[in-house]
Amino acid sequence: MSQSPPARFYDDLADDYHLIYADWDASMRRQGDALDALLGQDGAALLDCACGIGTQAIGLALHGHRVTGTDLSPRAVARAVREAALREVTLRAAVADMRRLPFRDAEFDAVVCADNALPHLLTEQDVLAALTEMRRVLRPAGRLLISTRPYDDVLRDRPASMPPQVHRGADGEERTVTFQLWHWHEDGEHYDLEHFQLLPADGAWRVEVRRSTYWALGRDRLTSLVADAGFTDPEWRMPQETGFFQPLLMADAGE
């Protein structure tokens, strides 16, 4: 199965990404509310180092934080900036790899890496490189927030698919259906993902299929890598505690 590098996967998805949500604006606000509450400060200088089309970055900017977004996908970054402007918030943004962040040391109060972005990195070396960069750009006592799929549960079951999600258009009639098929590698930790979207087209369906690879990175393993990168006090918070839709790992940059 031919896989797309993450940049191309998200370039291809950028125009349709909002269609994976039943209501993207409502999700943006819910996620912004949850992350803002965990930050515990007003007007933070904040980096979203996998911003995509801006779901978390814009949600946080709506709370008055000074948000910078980076992503591997030029099309996603461009859309994030446009969507922020439509909602009358400022989003500084750049195309960048989280393993090589283009910022000076100690520039941010917080770094967010949400929505299962980190597991696009497929080796401990790459994950550690990204985490080390996140710590480098954080100020002393700065906060790290990472969210992933609930991989401890996923690794027990190794599902072959994810349930479909349905987005209804403004008229309530036109629908888009998104679902995923997963193909597990022999190591039992990595999987190839086929991302299907069924889009309405003149009374029929148009099918878009995009492919990528992920590492099902369990909580203990990620906690250990965060500690290896120099962060302190790592703590997992579950969705029922935070209101965020995925498990969140919080850690401090230390002094």
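Up top you'll find the structure we're talking about.
Residues numbered from 1 in each chain as written. Predicted model: local features only at pLDDT ≥ 70, side-chain atom pairs only at ≥ 80, totals over all residues. Heavy atoms only, no water.

A rise of 1.5 Å per residue sets the reference length of helix H4 (residues 74–86), with its 13 residues, at 18 Å; its end C-alpha atoms lie 19 Å apart and thus fit the reference within 8%. Every buried residue belonging to H4 is among Ala76, Val77, Arg79, Ala80, Glu83 and Ala84, and all of these are buried. An end-on view of H4 places all buried positions within 165° of arc, on one side of the element. Exposed side chains of H4 directed beyond 90 degrees from the buried face belong to Ala85 and Leu86. Buried residues along H4 sit against helix H1 (6–13), helix H2 (24–39), helix H3 (55–61), strand E2 (66–71) and strand E3 (92–95). With its phi angle positive at about 60°, Glu88 sits one or two positions after the end of H4. (Helix = DSSP H or I, 4+ residues; strand = E, 2+ residues; numbered from the N terminus. Expected span 1.5 Å × (residues − 1). Buried < 20%, exposed > 50% of the residue type's maximum accessible area, 1.4 Å probe, protein only. Arc of directions from axis to C-beta. Contact = heavy atoms within 4.5 Å.)

All told, the structure shown has 11 aromatic pairs when counted by the stated rule. The interplanar angle of 15° and the centroid separation of 5.5 Å between the aromatic rings of Tyr191 and Tyr214 together place this pair among those described as stacked. Of the two residues, Tyr191 is situated in strand E8 (residues 190–201) and Tyr214 in strand E9 (residues 204–215); the sequence distance between them amounts to 23 residues. Among the aromatic side chains, those forming a connected cluster through ring pairs are Tyr151, Trp182, Trp184, Tyr191 and Tyr214. The ring of Trp184 carries Arg158 above its face, with NZ or CZ at 5.9 Å from the centroid. (Phe/Tyr/Trp six-rings, centres within 6.5 Å; stacked < 30°, edge-to-face > 60°. Lys NZ or Arg CZ within 6 Å of the ring centre and 35° of its normal.)

Strand order in the open sheet formed by four strands is E6-E7-E8-E9, with antiparallel pairing between adjacent strands. Across the chains shown, the open sheet's two edge strands, defined by having one partner strand only, are strand E6 (161–168) and E9. Put simply, the sheet's adjacent strands are angled 15° from each other on average, direction ignored. For strand E7 (residues 175–184) and E8, the ladder comprises eight bridges, and the chain directions are antiparallel. If you follow Val177 over to E8, its bridge partner there is Leu198. (Pairing = 2+ DSSP bridges. Axes fitted to C-alpha atoms, helices over the stretch in contact; angles between N-to-C directions.)

The subject of this paragraph is the pattern of salt bridges. Enumeration according to the criterion identifies 21 salt bridges in this entry. Between Arg136 and Glu133 there is a salt bridge whose closest N-O contact spans 2.7 Å. Taken together, the residues span about one helical turn, with Arg136 and Glu133 both in helix H5 (residues 124–137) at a distance of three residues. Under the relative-accessibility criterion, Arg136 is labelled partly exposed at 25%. Salt bridges sharing common partners tie together Asp25, Arg79, Glu83 and Arg87. (Salt bridge = Lys/Arg side-chain N within 4 Å of Asp/Glu carboxyl O.)

Let us look at unusual backbone geometry. Its identity as a non-glycine residue notwithstanding, Asn116 has a phi of 65°, on the positive side. Here Asn116 is to be found in the loop between strand E4 (108–113) and H5. On the basis of relative accessibility, which here comes to 4%, the residue Asn116 falls in the buried class. The phi angle at Arg158 is positive, at roughly 45°, despite the residue not being glycine. For Arg158, a relative accessible area of 40% puts it in the partly exposed group.

Throughout the structure, instances matching the rule amount to zero disulfides. Unpaired in terms of disulfides, Cys51 finds its nearest cysteine sulfur in Cys49, a separation of 9.2 Å. Cys113 takes part in no disulfide bond, and the closest cysteine sulfur, belonging to Cys49, lies 4.0 Å away. (Disulfide = S-S within 2.5 Å.)

Attention now goes to the packing of H5 against helix H7 (residues 219–228). The contact between H5 and H7 brings their axes to 9 Å, and the two run at 50°. Looking at the two axes, H5 sits oblique to H7. The crossing of H5 and H7 is right-handed. Between H5 and H7, the contacting residues are Glu124, Val127, Leu128 and Leu131 on the first element and Arg221, Leu222, Leu225, Val226 and Asp228 on the second. Looking at side-chain class alone, the contact of H5 with H7 contains six nonpolar, no polar and three charged residues. (Parallel < 35°, antiparallel > 145°, perpendicular 65-115°, else oblique. Left-handed = near helix turned anticlockwise from the far one by under 90°. Nonpolar A, V, L, I, M, F, W, Y, C, P; charged D, E, K, R; others polar.)

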